[in-house]
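Breakdown of the fold
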Amino acid sequence: MSDQLRKLQVIDKRPFFEKALSHGIKHHILDQAKCRSIIADGAKGTVQVAAFFGTSHLQTDLENARLRVVNLVSLYLEHTFDGDLQKAAESLRDNTFLSHSRGGNEMLKALHAMPDSTVFGDTKGQGQKEFQDERTLAKPFSLAAYRKERKAREETAAVLAAALWFAKDLGLARADLDFIGAEAVIRSALLVRLSDAEEFPSRLGFARLIDKIRSQQKPGSKWKIAKTLLDDVPPTHRDIAEKIRREIDKHDAPLLADQTLPLDLLLNQIEARYFLQEGALDEVDNFDALVSKEWHKVTKGKEDPYSRLTIFMCIACGAKPKTAISDTEARAMIRHVREHGFDSDAVCAFIASAAPFEIKDNLQSLWQDEFLPEAEEYLDDDSDPKYARALQFLKENCNIKSKSVAK
């Protein structure tokens, strides 16, 4: 029975204020006069809190306010004196009850003021009053819950501070970071350092940076960022930068080391995790040319559907891809189709490996859904022995030049 009683004594779910008050009375730290003062201050504080959150005239609001005040005092006492009932009782003796309530409230206000997101300029999920409302009544803070959230927000603030250091190191103003994730800033800064660049890249600059890093990589070797890259980072920021360095090594390094992965597909998988500056309008064409070298080599900058379908027809018939063909070449394609059919898989493979990522799906649809069904109908038609209808179909959909101008 004694063991059961001992276990029951350990379980005490009373608010910490009530524990400290009982301890103070039991050990003669708090006299009757002080207890009366606490009761008077508690009543006064209850009315003030009820008026702040609702009205001081409704019984429910007054009861809720009493609970809020007790929770605030409990939070302040338990945190300040780290659960020491003796010191908490002495504080109740030496200071006013309302000063403890204000202390708990200031703790919540300070906590709310700390960032809860690593996105610069992100608006808080809760206003201050809503934050206080939730944590003083519906979900009153235990000391453990308060310290857990404070630790999380301190870590968030540390990530933001580290990102600001890297931004300043590369000459970027805080005003340029609104709605940008701090981790993305640090990731980009690490790659900038790795490539010996001097500023955060635009989208084109990032593509060039990644292309440069990959070109310096030996085939089959493991890619990683050396720890020494962080040697000049202040100790207060180094752990955060080191954590992100390891994340890059874990998630992005295998992709960067894969030489078989086309640049545009690689960028599509990792680009969103990095911070990129706004680029000039004329960078778009240069970006496409860089990330889709094979595509631009074949298309020579011609992006109209006729040129594209001409290229696809060449590939489907096993010919060298060109944006324009002669009548003779067109007839040869028709003969090839009637003898061997279309090599549609080759066209799809070319689109998948060479075309810019943003238009891959549209090109696949253009070939497979729009062009190929009709092409099969017209080109593989034995009732058209002289290729008249087949050739007319190709002239309507592809670039077919006469012999005098064909190249």
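Residues numbered from 1 in each chain as written. Predicted model: local features only at pLDDT ≥ 70, side-chain atom pairs only at ≥ 80, totals over all residues. Heavy atoms only, no water.

1. Considering the packing of helix α10 (residues 203–215) against helix α12 (residues 263–270)
At their nearest, the axes of α10 and α12 sit 11 Å apart, and the two run at 115° to each other. With respect to α12, the axis of α10 lies roughly perpendicular. The element α10 and its partner α12 pack so that their crossing is right-handed. In this structure, α10 uses Phe206, Ala207, Ile210, Asp211 and Arg214 to contact α12, whose residues at the interface are Leu263, Leu266, Leu267 and Ile270. Taken together, the residues that form the contact of α10 with α12 break down as seven nonpolar, no polar and two charged. (Axes fitted to C-alpha atoms, helices over the stretch in contact; angles between N-to-C directions. Helix = DSSP H or I, 4+ residues; strand = E, 2+ residues; numbered from the N terminus. Parallel < 35°, antiparallel > 145°, perpendicular 65-115°, else oblique. Left-handed = near helix turned anticlockwise from the far one by under 90°. Contact = heavy atoms within 4.5 Å. Nonpolar A, V, L, I, M, F, W, Y, C, P; charged D, E, K, R; others polar.)

2. Regarding the packing of aromatic side chains
Going through the model one piece at a time under the given rule, you end up with eleven aromatic pairs. A centroid spacing of 4.8 Å and a plane angle of 85° characterise the contact between Phe52 and Phe53, whose relative ring orientation is edge-to-face. Exposure remark for Phe52: the relative accessible area of 42% places this residue in the partly exposed category. Classification of Phe53 as partly exposed rests on a relative accessible area of 24%. Every member of this aromatic cluster is reached through a ring pair, and the members are Phe312, Phe342, Trp367, Phe371, Tyr378 and Phe393. Of note, Arg68 hangs over the ring of Phe53, and the distance from its end group to the ring centre comes to 4.0 Å. When the ring centre of Phe52 is taken as reference, the NZ or CZ atom of Lys129 above it lies at 4.9 Å. (Phe/Tyr/Trp six-rings, centres within 6.5 Å; stacked < 30°, edge-to-face > 60°. Buried < 20%, exposed > 50% of the residue type's maximum accessible area, 1.4 Å probe, protein only. Lys NZ or Arg CZ within 6 Å of the ring centre and 35° of its normal.)

3. Comments concerning helix α17 (residues 344–354)
The set of residues buried in α17 consists of Ser344, Val347, Cys348, Phe350, Ile351 and Ala354. When α17 is viewed along its axis, its buried side chains cluster within an angular range of 160° and face the same direction. Buried residues belonging to α17 abut α14 (293–299), α15 (305–316) and α18 (360–379). (Arc of directions from axis to C-beta.)

4. Overview of the packing of α17 against α18
Closest axis-to-axis distance for the α17/α18 pair is 9 Å, and the angle between their directions is 165°. When the interaxial angle is binned, α17 and α18 end up roughly antiparallel. For the pair α17 and α18, the sense of crossing is right-handed. Judged by residue contacts, Ser344, Val347, Cys348, Ile351, Ala352, Ser353 and Ala354 of α17 engage Lys360, Leu363, Gln364, Trp367, Gln368 and Leu372 from α18. When the residues that make up the contact of α17 with α18 are grouped by side-chain class, the tally is eight nonpolar, four polar and one charged.

5. Overview of helix α6 (residues 97–113)
Here α6 is 17 residues long and its end C-alpha atoms lie 25 Å apart, about the 24 Å a rise of 1.5 Å per residue gives. For α6, every residue scored as buried is listed here: Phe97, Leu98, His100, Ser101, Gly103, Gly104, Met107, Leu108, Leu111 and His112. (Expected span 1.5 Å × (residues − 1).)

6. Re the environment of Asp361
Along the chain, Asp361 falls in helix α18. In this structure Asp361 comes out as exposed when scored by relative accessible area, which is 64%.

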